[in-house]
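Residues per chain are reported as follows:
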Amino acid sequence: MSPGVDALLEQARAGVRRFTPHETIQAAGRGALVVDTRTDRQRHEQGELPGVVVVDRTVLEWRLDPASAWRIPEATGYDLEVVVVCRQGYSSSLAAASLRALGLHRATDMIGGVEAWRAAGLPFSDRPADVRH
């Protein structure tokens, strides 16, 4: 029998320092790659975050693995600090765990997702998203 998604989420977060929205901004300021995995519809409804790279969850590992032929230019090495962002901070935890399993040992996610960003009163971007396919 499966332990369930709650156990999987707990395992993904075990021993990982997750970031608040303000800490995510600080991480970006020191060079971390902030990756938004929300769907087009979610981004349209909630707004775009400034300075992030948008990568569809279905190709995240291929775009961020430095050894992948399909990586994005920012995927420069396994020591890259990555902060994954989603709508509420659940799927981003699983995505970050998957990146750590690939060897990106500094991958984490943002607590509460974009909903926490909005609640913190942080700015949204009026520019088009930097979407990577």
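Read on for a plain summary of the structure. (Residues numbered from 1 in each chain as written. Predicted model: local features only at pLDDT ≥ 70, side-chain atom pairs only at ≥ 80, totals over all residues. Heavy atoms only, no water.)

## Some remarks on the nonpolar core
Step number 1: Residues Leu-33, Val-35, Leu-60, Leu-64, Val-82 and Leu-99 are the most contacted members of the largest nonpolar core, which totals 16 residues.
Step number 2: In terms of residue count, the dominant contributor to this core is helix α5 (residues 91-102) (3 residues).
Step number 3: Residues contacting Leu-33, with those up to four places away along its chain left out, are Val-53, Leu-64, Ile-72, Glu-74, Leu-80, Glu-81, Val-82 and Val-83.
Step number 4: Judged by nonpolar contacts, the second largest core, of 12 residues, contains Ala-27, Ala-32, Leu-49 and Val-85. (Core = buried A, V, L, I, M, F, W, Y, C linked by side-chain atoms within 4.5 Å. Buried < 20%, exposed > 50% of the residue type's maximum accessible area, 1.4 Å probe, protein only. Helix = DSSP H or I, 4+ residues; strand = E, 2+ residues; numbered from the N terminus. Contact = heavy atoms within 4.5 Å.)

## Section: the side chain of Thr-37
Step number 1: Mapped onto the secondary structure, Thr-37 falls in the loop between β1 (33-36) and α3 (40-46).
Step number 2: With sequence-adjacent residues up to four places away left out, Thr-37 is seen in contact with Val-55, Arg-57, Leu-60, Val-84, Val-85 and Cys-86.

## Quick word on helix α2 (residues 21-29)
Step number 1: The set of residues buried in α2 consists of Pro-21, Thr-24 and Ala-27. Taken down its axis, α2 places every buried residue within 110 degrees of arc, on the same side. Opposite the buried face of α2, at more than 90 degrees from it, the exposed residues are Gln-26 and Gly-29.
Step number 2: If you follow the buried residues of α2, they end up packed against β1, β3 (82-85) and α6 (113-119).
Step number 3: Phi turns positive, to about 105 degrees, at Gly-31, one or two residues after α2. (Arc of directions from axis to C-beta.)

## A word on the pattern of salt bridges
Step number 1: Counted under the stated rule, the structure contains 13 salt bridges.
Step number 2: Put simply, Arg-30 and Glu-81 hold a salt bridge, and the shortest N to O gap is 2.8 Å. With a gap of 51 residues between them, Arg-30 in the loop between α2 and β1 and Glu-81 in the loop between α4 (60-64) and β3 connect regions that are remote in the sequence.
Step number 3: Using a relative accessible area of 9% as the deciding quantity, one classes Glu-81 as buried.
Step number 4: For the salt bridge of Glu-61 with Arg-57, the shortest nitrogen-to-oxygen distance reads 2.8 Å. (Salt bridge = Lys/Arg side-chain N within 4 Å of Asp/Glu carboxyl O.)

## Some thoughts on the packing of helix α1 (residues 5-13) against α5
Step number 1: Interaxial distance between α1 and α5 falls to 9 Å at its minimum, and their mutual angle equals 55 degrees. Here α1 is positioned oblique relative to α5, judged by the angle of their axes. Handedness of the α1/α5 crossing: left-handed. Judged by residue contacts, Leu-8, Leu-9, Ala-12 and Arg-13 of α1 engage Ser-93, Leu-94, Ala-97 and Arg-100 from α5.
Step number 2: Partitioning the contact of α1 with α5 into residue classes produces 5 nonpolar, 1 polar and 2 charged. (Axes fitted to C-alpha atoms, helices over the stretch in contact; angles between N-to-C directions. Parallel < 35°, antiparallel > 145°, perpendicular 65-115°, else oblique. Left-handed = near helix turned anticlockwise from the far one by under 90°. Nonpolar A, V, L, I, M, F, W, Y, C, P; charged D, E, K, R; others polar.)

## Quick word on the side chain of Asp-65
Step number 1: Tracing the sequence through the fold places Asp-65 in the loop between α4 and β3.
Step number 2: Comment: no salt bridge for buried Asp-65; closest opposite-charge side chain is Arg-71, at 7.9 Å.
Step number 3: Side chain to side chain, Asp-65 and Tyr-78 meet in a polar contact 2.5 Å long.
Step number 4: Setting aside residues no more than four positions away along its own chain, Asp-65 makes contact with Arg-71, Tyr-78 and Leu-102. (Lys, Arg positive; Asp, Glu negative; His and termini not counted. Polar contact = N/O pair within 3.5 Å; in protein donor to acceptor, adjacent residues only side chain to side chain.)

## Looking at the environment of Arg-118
Step number 1: With respect to the secondary-structure elements, Arg-118 resides in helix α6.
Step number 2: The exposure class assigned to Arg-118 is partly exposed, which follows from its relative accessible area of 46%.
Step number 3: Sequence separation of Arg-118 and Pro-21 is 97 residues, and the distance between their C-alpha atoms is 9.0 Å.
Step number 4: Leave out the neighbours within four places in its chain, and Arg-118 touches Gln-46, Gly-47 and Phe-124.

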